[in-house]
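Residue-level listing of the chains:
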Amino acid sequence: MTDTDGRRWHDMGGQTAGPVPLDEHDHALWEKRVDALMVLCSGKGLFTVDGLRRALEDMGEDAFERHSYYERWIAAVNQNLVEAGVYTLAELGARMHEVAARGETYAQVNDG
Amino acid sequence: MPHDHPDHAGISASGHPFRPDNDTPLTYWQRMEVAVRELLIEKGVTTPAEIAAQIDAMDARTPANGARVVARAWTDPAFKARLLADGSAACREMDFDIGALNLVAVENTDDVHNLIVCTLCSCYPRNLLGLPPDWYKTREYRSRAVREPRAVLREFGVELPAQTRVRVHDSTADMRYIVIPARPPGTEGMDSTSLAALVTRDSMIGTGLPRCP
């Protein structure tokens, strides 16, 4: 694509692409929570929308194609929170392990 | 009743159908969301009540809010002038909490049709209309809306006269657009509540036209 030379992958305006997929879905509760965490954390000054964007863009095109919108968002929120020193990557890893140990579903992790 | 129900056949122990989203094993990313949320609560950054309130606030933002703004613009020329001059201030005048974002209202006329996109990501007037539709965030829409807007509009069932000028507005995090669609013919004398019912989400993005009465 010669007309996109010098641009990063997310700067996709003007590229060729197929028909717009018109399917829509209602946001799941976990997606709404991710959105809420972003709004709350940025409102508290822990990071900015630009910080979110930087993390999303640095994930690269592969992540854009393979992961859903709010999957990428929680990864970007997490990265910014670790960078802001809110918690460490070790704390996150331990907590994810603990959540997994509680069970497989939201009912089992006792999370509503 | 314990929370282990391996043979539920779609019905929970309490006799309700499971929400599909809650019934499948959590993905890696869903576990991350739980972990991040719990850590934020434990560290005192936020509370469960604050998260719930934020979700409720976002759920309350729907295209119906924008429809009220458009209907008022259709019926109140002085308001329309203020809306076009400063979209954020005009929406705040109607008690919509649109935050710090700079909202720019662009008006469709007999000669001009406006379309909004965010080619770089997914910027959208979310504080007024709620979260953007899935297609707004796709590669296909982001790439093509600025390259061949008429072809994109045709996929949404909108065929514009050849002489209509199409203006595409590329949003940023700090500047977001809303389209004021042209008031449909045959709506003279309708009140703003009835008019608002004609205003669709897509008509405020520019990928649709308002309903006709």
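Let us look at the structure shown here. Just so you know, the residues in each chain are numbered from 1, in the order the chain's sequence is written. Chain letters start at A and ligand numbers start at 1, both assigned in the order the entries are written. Given that this is a predicted model, residues contribute local features only at a pLDDT of at least 70 and side-chain atom pairs are listed and counted only at 80 or more, while totals for whole chains, interfaces and linings are drawn from all residues. Hydrogens and waters are ignored; side-chain quantities use all the structure's heavy atoms.

### A short note on the state of the cysteines
Two cysteines joined by a covalent bond between their sulfur atoms form a disulfide.
No. 1: Any two cysteine sulfur atoms within 2.5 Å of one another count as a disulfide. The final tally for this structure, using the stated rule, is 0 disulfides over all chains.
No. 2: Cys123 of chain B provides the cysteine sulfur closest to Cys41 of chain A, a residue in no disulfide bond, and the two sulfurs are 19 Å apart.
No. 3: Throughout this description, buried means an accessible area under 20% of the type-specific maximum (1.4 Å probe, protein chains only), exposed means over 50%, and partly exposed covers the range between. The buried category is assigned to Cys41 of chain A, whose relative accessible area is 2%.

### A word on the interface of chain A and chain B
No. 1: Each side of the interface is counted separately: chain A has 63 residues, and chain B has 58 residues.
No. 2: Buried surface area refers to the total accessible area, computed with a probe of radius 1.4 Å, that the two partners give up upon joining, counted for both partners together. Between chain A and chain B the total buried area reaches about 5,800 Å² when both faces are included, carbon and sulfur atoms providing 62% of it.
No. 3: A per-residue breakdown of the area chain A buries against chain B is headed by Arg95, Met96 and Tyr106 of chain A, which together make up 11% of the total.
No. 4: We define a salt bridge as a contact between a side-chain nitrogen of Lys or Arg and a carboxyl oxygen of Asp or Glu at a distance within 4 Å. At the junction of chain A with chain B, the criterion picks out 10 salt bridges.
No. 5: The salt bridge partner of Arg201 of chain B is Glu24 of chain A, with a shortest N-O separation of 2.6 Å.
No. 6: Polar contact is the term for a pair of N or O atoms within 3.5 Å; when the atoms are in protein, one must be able to donate a hydrogen and the other to accept it, and sequence-neighboring residues count only if both atoms are side-chain atoms. Counting across the interface, chain A meets chain B through 21 residue pairs in polar contact (both at pLDDT 80 or more).
No. 7: Going through the elements one at a time, α1 (29–43), α2 (49–59), α3 (61–66), α4 (69–83) and α5 (89–102) of chain A are the ones with two or more residues in the side of chain A that touches chain B.
No. 8: Per the convention used, a helix needs a DSSP run of H or I reaching at least four residues, while a strand needs a run of E reaching at least two, with both numbered from the N terminus. It is α1 of chain A that contributes the most residues to the side of chain A that touches chain B, 11 residues altogether.
No. 9: Amino acids are sorted into nonpolar (Ala, Val, Leu, Ile, Met, Phe, Trp, Tyr, Cys and Pro), charged (Asp, Glu, Lys and Arg) and polar (every other residue, Gly among them). When grouped by side-chain class, the residues that make up the side of chain A that touches chain B number 33 nonpolar, 13 polar and 17 charged. Residue contacts are counted whenever heavy atoms from the two residues lie within 4.5 Å of one another.

### Let's talk about the layout of surface pockets
Residues and elements named next belong to chain A.
No. 1: Only protein atoms enter the calculation, which uses a 1 Å grid: trapped sets of points that fit a 1.4 Å probe without letting it out are cavities, open sets showing protein on both sides within 12 Å along at least five of seven lines are pockets, and any residue with an atom within 4 Å of a point is a lining residue. Grid points are joined across faces, edges and corners, and a volume is the space filled by probe spheres set on the points. Its boundaries defined by the atoms lining it, the largest pocket holds a volume of some 840 Å³.
No. 2: Residue contributions to the lining of the largest pocket peak at 5 residues, all from α2.
No. 3: The residue inventory of the lining of the largest pocket, partitioned by class, reads 18 nonpolar, 8 polar and 10 charged.

### Describing empty space enclosed by the protein
No. 1: This model, assessed by the stated rule, comprises 2 cavities of 30 Å³ or more.
No. 2: Computed from the structure, the second largest cavity encloses a volume of approximately 40 Å³.
No. 3: Lining the second largest cavity, in full, are Lys32, Asp35 and Ala36 of chain A together with Gln54, Ile55, Met58, Asp59 and Leu131 of chain B.
No. 4: Counting only elements with at least two residues in the lining of the second largest cavity, the list comes to α1 of chain A together with α3 (48–60) of chain B.
No. 5: Broken down by element, the lining of the second largest cavity gets its largest block of residues, 4 residues, from α3 of chain B.

### Quick look at the side chain of Thr207 of chain B
Residue and element names in this part refer to chain B.
No. 1: Note that Thr207 resides in the segment after α11 (201–205).
No. 2: On the basis of relative accessible area, Thr207 is assigned to the buried category, the value being 1%.
No. 3: Residues in contact with Thr207, not counting those within four places in the same chain, are Leu115, Trp135, Tyr141, Leu153, Phe156, Val158 and Asp202.

### Regarding the packing of aromatic side chains
No. 1: The rule is short: rings of Phe, Tyr and Trp, with Trp giving its six-membered ring, pair when the centres are within 6.5 Å, and they are stacked under 30 degrees, edge-to-face over 60, tilted in between. The full count for this structure, using the stated rule, is 11 aromatic pairs over all chains.
No. 2: Ring centres 4.9 Å apart and planes at 90 degrees place the aromatic pair Tyr28 of chain B and Trp29 of chain B in the edge-to-face group.
No. 3: Given the relative accessible area of 42%, Tyr28 of chain B is considered partly exposed.
No. 4: By relative accessible area, Trp29 of chain B is classed as buried at 18%.
No. 5: Ring geometry for Trp135 of chain B against Phe156 of chain B: centres 4.6 Å apart, planes inclined by 65 degrees, an arrangement best described as edge-to-face. Residue Trp135 of chain B is located in the loop between α7 (126–129) and α8 (139–144), and its partner Phe156 of chain B is located in the loop between α9 (149–155) and β3 (165–170); the two are separated by 21 residues in the primary sequence.
No. 6: For Trp135 of chain B, a relative accessible area of 0% puts it in the buried group.
No. 7: By way of ring pairs, the aromatic residues Tyr124, Trp135, Tyr136, Tyr141 and Phe156 of chain B are connected into one cluster.
No. 8: Geometrically, a charge over a ring is one whose NZ (Lys) or CZ (Arg) sits within 6 Å of the ring centre while staying within 35 degrees of the ring normal. Directly above the ring of Tyr69 of chain A sits Lys137 of chain B, whose terminal nitrogen or CZ lies 3.6 Å from the centroid.

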